[in-house]
Each structure stands twice: as structure tokens, then as C-alpha cells.
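One letter stands for each residue in the lines below.
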Amino acid sequence: GELRQPALQPCLWYAALSSALCNDSTLSYQPGSSSYQRIGESTELALRVFVEKVGLPGGSASGLLQGAAWPSADIVCNRHWQSAFQRTAVLEFSRDRKMMSVLVEGQGQCLLLVKGAPESVLGRCSHALANADTPGDVAGRGGSSSRAAPHEGEVV
């Protein structure tokens, strides 16, 4: 089946949040040429597009997307997350760490968001976010259900 509201899936919602905030690329619409200006690595730009395709979770924020469809002239979702959360610290991507980390504050929360090579990121995790109460194997640690967290509050 088709996933009609991807932002209602916790895993996709957090992946989009991280993709918007743990990202140094720029994607902006140029009305004069009816095209997008792209600045940055192609992988990071693809993450910006992913954020727009996931959309925003329900509630008041979803009003921003009313009538919007991708591709859209406005980069609504990325702008929403960038205004809702402020970066307070950045640990840039390095070849040794194989990941980038940002500390953000907003909406009464302080979050550490990370993106990078799965073997580097998952190797440092003790819990995994799941869309259902399905146990998962975090970084090959045996798949113990005590290692997997339902979407109620624990985030990788």
C-alpha cells in the first residue's frame, strides 16, 4: 500500500527532522528561471528533498502544507524545522567518525541529531526507534527486545 502521511510514522518523522537540521546544503527556488538553486553535496541536497516529501506531522504545523505538492516552489518543511529548532553546537562530518552531529534546542527539547554511515551511528546506539513495538537488532547486538524502544519517547 501507499504511505499517504509519512510524517505520521515516527521513524520517518525523526529521519526528516535530522535530515533538515543536520545538513549544511541549501536548496532554494529561483522564480526568474523557474528552477532550484542547489548549493552543497548531492547527498545532502537529496536529504532536503526527502524532508519535503515526508512533510510535517499533524497539528498546527500541517497547515503550512495545505495545498502544497512536491515539487513546490516553497521549501516549507525544511524551513519549518529550521525555525522550530536552533543549532547550539555542531560536530562536523569527519572521515574518522563517519558522521555529523548537531545539538539543537526548540519546542521545549534539547536533541542530539546524528547522520552518517550506519556502522558508525548504530555502533553507538543503545536503543532503536520503531514505528511499532517490534524488537530490533541495534548494530548486531543480538536483537534483544530490551534494546528496542517503541516510538513513545526514545530516539536513536
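Cut-offs used in this document
Residues numbered from 1 in each chain as written. Predicted model: local features only at pLDDT ≥ 70, side-chain atom pairs only at ≥ 80, totals over all residues. Heavy atoms only, no water. Helix = DSSP H or I, 4+ residues; strand = E, 2+ residues; numbered from the N terminus. Buried < 20%, exposed > 50% of the residue type's maximum accessible area, 1.4 Å probe, protein only. Contact = heavy atoms within 4.5 Å. Axes fitted to C-alpha atoms, helices over the stretch in contact; angles between N-to-C directions. Parallel < 35°, antiparallel > 145°, perpendicular 65-115°, else oblique. Left-handed = near helix turned anticlockwise from the far one by under 90°. Nonpolar A, V, L, I, M, F, W, Y, C, P; charged D, E, K, R; others polar. Expected span 1.5 Å × (residues − 1). Polar contact = N/O pair within 3.5 Å; in protein donor to acceptor, adjacent residues only side chain to side chain.

### Quick word on the overall build of the protein
Thinking step 1. Summing up its helical and strand segments, the protein has four helices and seven strands in all.
Thinking step 2. Mapped from its N terminus to its C terminus, the protein presents α and β elements in the order α-β-β-α-α-β-β-β-α-β-β.
Thinking step 3. Across the 156 residues in the protein, those meeting the buried criterion constitute 35%.
Thinking step 4. For the protein, restricting intrachain contacts to residue pairs at least 6 apart in sequence, the fraction spanning at least 24 positions comes to 40%.

### Re the packing of helix α1 (residues 10-21) against helix α2 (residues 42-54)
Thinking step 1. Between α1 and α2, whose axes approach to 9 Å, the crossing angle comes to 140°. The angle between α1 and α2 falls in the class oblique. Helix-helix and strand crossings are classified by hand; for α1 and α2 the assignment is left-handed. Judged by residue contacts, Leu12, Ala15, Ala16, Ser19 and Ala20 of α1 engage Leu47, Arg48, Phe50, Val51 and Val54 from α2.
Thinking step 2. Across the contact of α1 with α2, the residue classes break down as eight nonpolar, one polar and one charged.

### Quick word on α2
Each turn of an α-helix holds 3.6 residues, which means side chains three or four residues apart point in the same direction.
Thinking step 1. Its 13 residues place the ends of α2 18 Å apart at the C-alpha level, agreeing with the 18 Å of an ideal helix rising 1.5 Å per residue.
Thinking step 2. Looking at α2, one finds that the buried residues are Glu44, Leu45, Arg48, Val51, Glu52 and Val54.
Thinking step 3. On the buried face of α2, the contacting elements are α1, β1 (26-30), β2 (35-39), α3 (76-84), β4 (99-106) and β5 (109-116).
Thinking step 4. Looking one or two places after α2, you find glycine 55, whose phi comes out positive at around 85°.

### Comments concerning the environment of serine 83
Thinking step 1. Within the fold, serine 83 resides in helix α3.
Thinking step 2. Separated by 23 residues in sequence, serine 83 and glycine 106 have C-alpha atoms that sit 8.7 Å apart.

### Side note on the side chain of lysine 115
Thinking step 1. Position of lysine 115 among the secondary structure elements: in strand β5.
Thinking step 2. Separated by 2.8 Å, the side chain of lysine 115 and the backbone oxygen of cysteine 22 make a polar contact.

### Topic: unusual backbone geometry
Glycine aside, residues mostly have negative phi, and peptide bonds are mostly found in the trans state.
Thinking step 1. A positive phi angle, near 50°, is found at serine 34, a position not held by glycine.
Thinking step 2. Locating serine 34 in the fold gives a position in the loop between β1 and β2.
Thinking step 3. Positive phi outside glycine occurs at glutamine 107, with the angle close to 50°.
Thinking step 4. Assignment of secondary structure puts glutamine 107 in the loop between β4 and β5.
Thinking step 5. Classification of glutamine 107 as partly exposed rests on a relative accessible area of 49%.

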